Amino acid sequence: MNVIYCTDFMKDIESHVKNPSERRLRILSATEQESVYGIPAFNTKERKHYFKISALEKDIFDTELKGHASKLYFVLMLGYFKASHQFFHYTLSMVREDAEYIISKYLQQADIAAIDEKVGKKARRNHYTKILKLFSFRFAKHEDRNKMTQKAEDTISIDANPK
């Protein structure tokens, strides 16, 4: 089973390093960081690919999700997870083109103006759990995070000042 962890993991590592901003390597530019860790920006072809839902995903969409907002945010999260294996916090206005595509494809009777700008924490967690299960992932447990933090600390201590 694969393990996924939130970006808070890096905060844990930083808390163990004195003056992390002074000692952190600058490997990726801001643009590169955004392309790796930011919400995917799909073109039309990618949008069709990543937001296409399988029979199993359609079953969840039809039977386990209630309301247009829940269904829309589920498909958004699902598509972004397929593309990046990450979850993102965003507002509807930030992902409007993707939302409009999903509405036209799966929720024709929905009015985007009537859908809440953000999904609630409980619904978001429910969606995360369903998506992780679909892809045989799970949230990192405390002991997983400890192991990852220790591995990162070991790596840092081996070569804290590479030349």
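The structure presented is a predicted model; accordingly, all values stated were derived computationally and were not measured. (Residues numbered from 1 in each chain as written. Predicted model: local features only at pLDDT ≥ 70, side-chain atom pairs only at ≥ 80, totals over all residues. Heavy atoms only, no water.)

Caption draft 1: Quick look at the overall build of the chain. Counting secondary structure elements, the chain contains nine helices and two strands. Expressed as a percentage of its 163 residues, the buried residues of the chain come to 34%. Across the chain, contacts joining residues at least 24 apart in sequence account for 73% of those joining residues at least 6 apart. (Helix = DSSP H or I, 4+ residues; strand = E, 2+ residues; numbered from the N terminus. Buried < 20%, exposed > 50% of the residue type's maximum accessible area, 1.4 Å probe, protein only. Contact = heavy atoms within 4.5 Å.)

Caption draft 2: Fine view of the packing of helix α5 (residues 55-63) against helix α6 (residues 68-84). Contact pair α5 / α6: the axes reach a minimum separation of 10 Å and the direction vectors enclose 155°. When the interaxial angle is binned, α5 and α6 end up roughly antiparallel. The chirality of how α5 crosses α6 is right-handed. On α6, the residues touching Glu57, Ile60, Phe61 and Asp62 of α5 are Lys71, Phe74, Val75, Leu78 and Lys82. Taken together, the residues of the contact of α5 with α6 break down into five nonpolar, no polar and four charged. (Axes fitted to C-alpha atoms, helices over the stretch in contact; angles between N-to-C directions. Parallel < 35°, antiparallel > 145°, perpendicular 65-115°, else oblique. Left-handed = near helix turned anticlockwise from the far one by under 90°. Nonpolar A, V, L, I, M, F, W, Y, C, P; charged D, E, K, R; others polar.)

Caption draft 3: Structural view of helix α7 (residues 96-106). Restricting attention to buried positions, one finds in α7 the residues Asp98, Ala99, Tyr101, Ile102, Ile103 and Tyr106. Close packing links the buried residues of α7 with α4 (44-50), α5 and α6.

Caption draft 4: Structural view of the nonpolar core. Core analysis: the biggest nonpolar cluster contains 34 residues, and Leu72 and Leu76 have the highest contact counts within it. Among the elements of the structure, α5, α6, α7 and α8 (121-134) are those that each provide at least two residues to this core. Ranked by residues supplied to this core, first place goes to α6 with nine residues. Dropping the residues within four chain positions of it, Leu76 is found in contact with Phe51, Tyr90, Leu92, Val95, Asp98, Ala99 and Ile102. (Core = buried A, V, L, I, M, F, W, Y, C linked by side-chain atoms within 4.5 Å.)

Caption draft 5: The pattern of salt bridges, seen in detail. By the definition in use, this model includes seven salt bridges. For the salt bridge of Arg138 with Asp144, the shortest nitrogen-to-oxygen distance reads 2.6 Å. Using a relative accessible area of 15% as the deciding quantity, one classes Asp144 as buried. The network of salt bridges with shared partners includes Arg47, Glu97 and Asp98. (Salt bridge = Lys/Arg side-chain N within 4 Å of Asp/Glu carboxyl O.)

Caption draft 6: Spatial organisation of the packing of α6 against α7. Remark: α6 packs on α7, axes separated minimally by 10 Å, with the N-to-C direction vectors making an angle of 115°. As for how α6 packs across α7, the hand of that crossing is right-handed. Together, Leu72, Val75, Leu76 and Tyr80 of α6 and Asp98, Ala99, Ile102, Ile103 and Tyr106 of α7 make up the contact between the two elements. Its residues placed into classes, the contact of α6 with α7 shows eight nonpolar, no polar and one charged.

Caption draft 7: Structural view of the environment of Thr44. Mapping Thr44 onto the fold places it in helix α4. A residue is classified by how much of its surface remains accessible, and Thr44, at 52% relative accessible area, is exposed. Along the chain, Thr44 and Tyr101 lie 57 residues apart, while their C-alpha atoms are 9.2 Å from each other.

Caption draft 8: Representation of the packing of aromatic side chains. All told, the structure shown has 14 aromatic pairs when counted by the stated rule. Grouping aromatic residues by their ring pairs yields a cluster made of Phe42, Tyr50, Phe51, Tyr73, Tyr80, Phe88, Tyr90 and Tyr101. Positioned above the aromatic ring of Phe61, the side-chain terminus of Lys71 is 5.1 Å from the ring centre. (Phe/Tyr/Trp six-rings, centres within 6.5 Å; stacked < 30°, edge-to-face > 60°. Lys NZ or Arg CZ within 6 Å of the ring centre and 35° of its normal.)

Caption draft 9: Quick peek at the confidence of the model for the chain. Across the chain, the average pLDDT comes to 85, with 81% of residues at or above 70. The element-level mean pLDDT for the chain is lowest in helix α1 (residues 8-15), coming to 50, with α4 highest at 97. (pLDDT = per-residue confidence, 0-100.)

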